[in-house]
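This is what each chain is made of:
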Amino acid sequence: ARVVTIYSLFSCIACSELFQRLQKAERTPGSALHAALAGGDLAVRVRLRHSDKKEFWAELYARCAKDPIEATRWMFLPSQMWNRATLKTAISTKSIRIENSTGQFVMKEVLVPEQMSADTFDTCGQDRVAAAALHEGLKADLKIAPKSTQVPVVEIDGKVFTGRDTIFKALQALVAKN
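Residues numbered from 1 in each chain as written. Predicted model: local features only at pLDDT ≥ 70, side-chain atom pairs only at ≥ 80, totals over all residues. Heavy atoms only, no water.

Asks: Explain the overall build of the chain to me, please; I cannot follow it from the model alone.
Replies: Secondary structure assignment for the chain yields nine helices and six strands. Of all 178 residues assigned to the chain, the portion counted as buried reaches 42%. In the chain, the share of contacts with a sequence separation of at least 24, taken over all contacts with a separation of at least 6, comes to 68%. As displayed, the chain offers around 10,100 Å² of accessible surface, 54% of which is attributable to carbon and sulfur atoms. (Helix = DSSP H or I, 4+ residues; strand = E, 2+ residues; numbered from the N terminus. Buried < 20%, exposed > 50% of the residue type's maximum accessible area, 1.4 Å probe, protein only. Contact = heavy atoms within 4.5 Å. Areas by Shrake-Rupley, 256 points an atom, 1.4 Å probe, with all protein chains shown as cover.)

Pasting the structure below:
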């Protein structure tokens, strides 16, 4: 199978939309992209970068879900809730940083029970082996990943493609070529 790696920031909305399109293509018969993904001729690997520890934990939890791509998409939506909060009073506005434990509480509220059971969430959060493997993989990816990950980035046959629509078309062209 041909493996293509897409690099992005965890909180990149365009990346989430690209992953959703690829998932839909894999589940919808009729196109060459569907045949390649479903038949195993093409595998898409996603490598996410994190801007803080909470994004790292969010990816770890998403990987434990029954549908990791969908769980990752769900985690994009409340990311403001588990990064920062703005408190407004009658006389001032104060921005506070949310601690990791509170961020994990919000992640649990987002994922349980639709994406995983509470027990799975708790077990996943304590899985030091999985966390270490994810961390080592991220360190290795930093050596080869393109610098910009504000938009999805993929390298195919030495050529770099950026943006969800461009990457989707490049993958369709790659499959048509083979």
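Asks: What exactly am I supposed to notice about the pattern of salt bridges here?
Replies: Any two side chains of opposite charge can pair, on the condition that their charged atoms come close. For the coordinates displayed, the defined rule picks out eight salt bridges. If you follow the salt bridges from partner to partner, you end up with Glu17, Arg21, Arg164 and Asp165 in one network. (Salt bridge = Lys/Arg side-chain N within 4 Å of Asp/Glu carboxyl O.)

Asks: Quick question: what am I supposed to make of the packing of helix H1 (residues 13-27) against helix H9 (residues 164-177) here?
Replies: As a packed pair, H1 and H9 sit with axes 9 Å apart at the nearest point and diverge in direction by 30°. In terms of axis orientation, H1 runs roughly parallel to H9. Every pair of crossing elements has a handedness; the one defined by H1 and H9 is right-handed. Taking contact as the criterion, the partners of Ala14, Glu17, Leu18, Arg21, Leu22 and Ala25 in H1 are, on H9, Arg164, Asp165, Ile167, Phe168 and Leu171. Residue composition of the contact of H1 with H9, grouped by class: seven nonpolar, no polar and four charged. (Axes fitted to C-alpha atoms, helices over the stretch in contact; angles between N-to-C directions. Parallel < 35°, antiparallel > 145°, perpendicular 65-115°, else oblique. Left-handed = near helix turned anticlockwise from the far one by under 90°. Nonpolar A, V, L, I, M, F, W, Y, C, P; charged D, E, K, R; others polar.)

Asks: How do you make sense of the state of the cysteines when you look at a structure like this?
Replies: Chemically, a disulfide is nothing more than a covalent bond linking the sulfur atoms of two cysteines. Following the criterion strictly, the structure yields one disulfide and no others. Between the sulfur atoms of cysteine 64 and its disulfide partner cysteine 124 the distance amounts to 2.0 Å. One disulfide, between cysteine 64 and cysteine 124, carries an S-S torsion of 75° and so falls in the right-handed class. A residue pair is termed long-range when its members are at least 10 positions apart, and cysteine 64 in helix H3 (residues 53-64) and cysteine 124 in helix H7 (residues 118-125) qualify at 60 residues. Among the residues examined, cysteine 64 registers a relative accessible area of 29% and is labelled partly exposed. Assessed through its relative accessible area of 4%, cysteine 124 is described here as buried. (Disulfide = S-S within 2.5 Å.)

Asks: Explain the sheet that holds strand S5 (residues 153-156) to me, please; I cannot follow it from the model alone.
Replies: The strand order across the open sheet built from four strands is S2-S1-S5-S6, with neighbouring strands paired in mixed fashion. Of all the strands in the sheet, just strand S2 (42-49) and strand S6 (159-162) have a single pairing partner and so form its edges. Put simply, the sheet's adjacent strands are angled 25° from each other on average, direction ignored. One ladder, built from eight bridges, connects strand S1 (residues 2-9) with S2; its direction is parallel. In the strand pairing of S2, tyrosine 7 is matched with arginine 47. (Pairing = 2+ DSSP bridges.)

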